[in-house]
Amino acid sequence: DVKVTQSSRYLVKRTGEKVFLECVQDMDHENMFWYRQDPGLGLRLIYFSYDVKMKEKGDIPEGYSVSREKKERFSLILESASTNQTSMYLCASSLWGVLHFGNGTRLTVT
Amino acid sequence: DQQVKQNSPSLSVQEGRISILNCDYTNSMFDYFLWYKKYPAEGPTFLISISSIKDKNEDGRFTVFLNKSAKHLSLHIVPSQPGDSAVYFCAARLIIQGAQKLVFGQGTRLTINP
């Protein structure tokens with residue numbers, strides 16, 4: 001069974017702080033993804049990676065960056081958190097086809 | 001530019017009846033479609049999928065229909081059960097330079113009433 005683990009379930013940060021969201025998968029998957037979920041907007045892709053050290057912008061990359069130094073770990077970085085980045089963040093991994101999601105990190109920026 | 005749309009934010013169905021969730025898309029390059037189910041405080045879990053070369057896929061109580069000419073897919077759940085109450089997302093896959101990208105709809109909240 002695929003396991004995708006996000007390091008924090010809930011986070012509260014202040015405006016301007018640098019925020020790291022960590023995600024680890026245990027299935028040796030090539031592809032990893034970061035989405036955010038907002039009411040009425042569904043899941044929107046922020047960044048994805050199809051190999052170590054490779055990254056591609058998704059649909060809403062502004063204000064975010066990512067790091068993939070090891071195959072199993074994909075980090076999302078908010079360089080300077082803003083209130084409009086308050087959201088549910090979901091990490092996923094896949095070999096091909098089906099994405100397997102973690103349980104999400106609910107981030108509140110005050 | 002919403003390439004995948006779920007126009008019904010919510011749906012309420014009686015237990016035992018059929019639930020029909022709809023999804024429309026605009027990009028004819030999508031080659032694979034998936035439905036996910038999400039409970040509160042959990043990540044989405046995969047439910048069922050269909051390739052663009054098929055028009056129907058069935059798995060137990062769940063059936064997905066694809067109408068390529070209308071760019072429309074639907075998920076049928078029959079009979080509906082209380083445990084089916086959740087938010088359902090449809091998703092469509094795009095292959096870009098050998099990498100896959102899933103585009104999700106806005107979600108439909110399904111409530112099954114006893």
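Every chain begins its residue count from 1, and numbering advances along the sequence as written. Chain A is the first chain written and ligand 1 is the first ligand written, with later ones labelled in order. A pLDDT threshold of at least 70 governs which residues receive local features in this predicted model, and a stricter bar of 80 or more applies before side-chain atom pairs are shown or counted, although totals over entire chains, interfaces and linings include all residues. Hydrogen atoms and water are omitted, and side-chain values are computed over all heavy atoms in the structure.

(A) Geometry of the interface of chain B and chain A. Contacts are residue-level and defined by heavy atoms, with any inter-residue pair within 4.5 Å sufficient. Facing 20 residues of chain B, the contacting portion of chain A comprises 22 residues. Once two parts are joined, some of their accessible surface, as seen by a 1.4 Å probe, is lost; buried area is that loss totalled over both. In total, chain B and chain A occlude about 1,800 Å² of area from one another, counting both sides; carbon and sulfur atoms represent 60% of this. Broken down residue by residue, the surface that chain B buries against chain A is led by B:Q100, B:K101 and B:F104, which jointly contribute 30%. Any Lys or Arg side-chain nitrogen located within 4 Å of an Asp or Glu carboxyl oxygen qualifies as a salt bridge. Linking chain B with chain A are 1 salt bridge.

(B) Summary view of the sheet that holds strand β3 (residues 19-25) of chain B. All names here are of chain B. Think of it this way: DSSP has to see at least two bridges between two strands before they count as a pair. Strands here mean DSSP runs of E at least two residues long; helices mean DSSP runs of H or I at least four residues long; both are numbered from the N terminus. A sheet is described by the order of its strands in space; here 5 strands give the open sequence β1-β3-β8-β7-β6, paired in antiparallel fashion. Each edge of the sheet is formed by a strand with only one pairing partner; in this case those strands are β1 (4-5) and β6 (56-59). Sheet topology places β1 next to β3; 2 bridges connect them, and they run antiparallel. For V4, the partnering residue across the bridge sits in β3 and is Y25.

(C) Structural context of the state of the cysteines. In what follows, a disulfide is any cysteine sulfur pair within 2.5 Å. In total, this model carries 2 disulfides over all chains according to the counting rule given. The residue that forms a disulfide with A:C23 is A:C91, at a sulfur-sulfur distance of 1.9 Å. For the disulfide bridge between A:C23 and A:C91, the dihedral angle about the S-S bond is near -80 degrees, and by the sign convention the bridge is left-handed. Taken together, the positions of A:C23 in strand β4 (residues 23-25) and A:C91 in strand β10 (residues 87-94) put the pair 68 residues apart, joining distant regions of the chain. A single burial state applies to A:C23 and to A:C91, both of which are buried. Note that B:C23 is cross-linked by a disulfide to B:C90, the S-S spacing being 1.9 Å. Taking the torsion about the S-S bond as the criterion, the B:C23 to B:C90 disulfide, at about 60 degrees, is right-handed. Taken together, the positions of B:C23 in strand β3 and B:C90 in strand β9 (residues 86-96) put the pair 67 residues apart, joining distant regions of the chain. Partly exposed residues are those whose accessible area sits between 20% and 50% of the maximum for their type, while under 20% is buried and over 50% is exposed, using a 1.4 Å probe and protein chains only.

(D) Local environment of the packing of aromatic side chains. Paired rings are identified among Phe, Tyr and Trp, the last through its six-membered ring, by centres lying within 6.5 Å, and are further divided according to the angle between planes into stacked (under 30 degrees), edge-to-face (over 60) and tilted (the rest). Scanning all chains against the criterion turns up 12 aromatic pairs over all chains. Measuring from centroid to centroid gives 5.9 Å for A:Y35 and A:F101, while their planes differ by 50 degrees, and the two rings are tilted. With A:Y35 in strand β5 (residues 31-38) and A:F101 in strand β11 (residues 100-101), this residue pair connects regions lying 66 residues apart in the sequence. Each member of the pair, A:Y35 as well as A:F101, carries the same accessibility label: buried. Ring geometry for A:F101 and B:F104: centres 6.0 Å apart, planes at 75 degrees, overall edge-to-face. Here the residue A:F101 occupies a position in strand β11, and B:F104 occupies one in strand β10 (residues 99-104), the pair thus bridging two chains. We note that A:F101, like B:F104, is buried.

(E) Inspection of the pattern of salt bridges at higher detail. Residue and element names in this part refer to chain A. Considering all chains together, one arrives at 10 salt bridges over all chains under this definition. The salt bridge involving D28 is made with K71; its shortest N-O contact spans 3.2 Å. On the criterion of sequence distance, the pair formed by D28 in the loop between β4 and β5 and K71 in the loop between β8 (64-70) and β9 (73-78) is long-range, its members being 43 residues apart. Since its relative accessible area comes to 52%, D28 is described here as exposed. Taking the relative accessible area as the measure of exposure, K71 reaches 22% and is therefore partly exposed. Salt-bridge contacts for R36 lead to D38; the nearest nitrogen and oxygen are separated by 2.8 Å. For D38, a relative accessible area of 11% gives the class buried.

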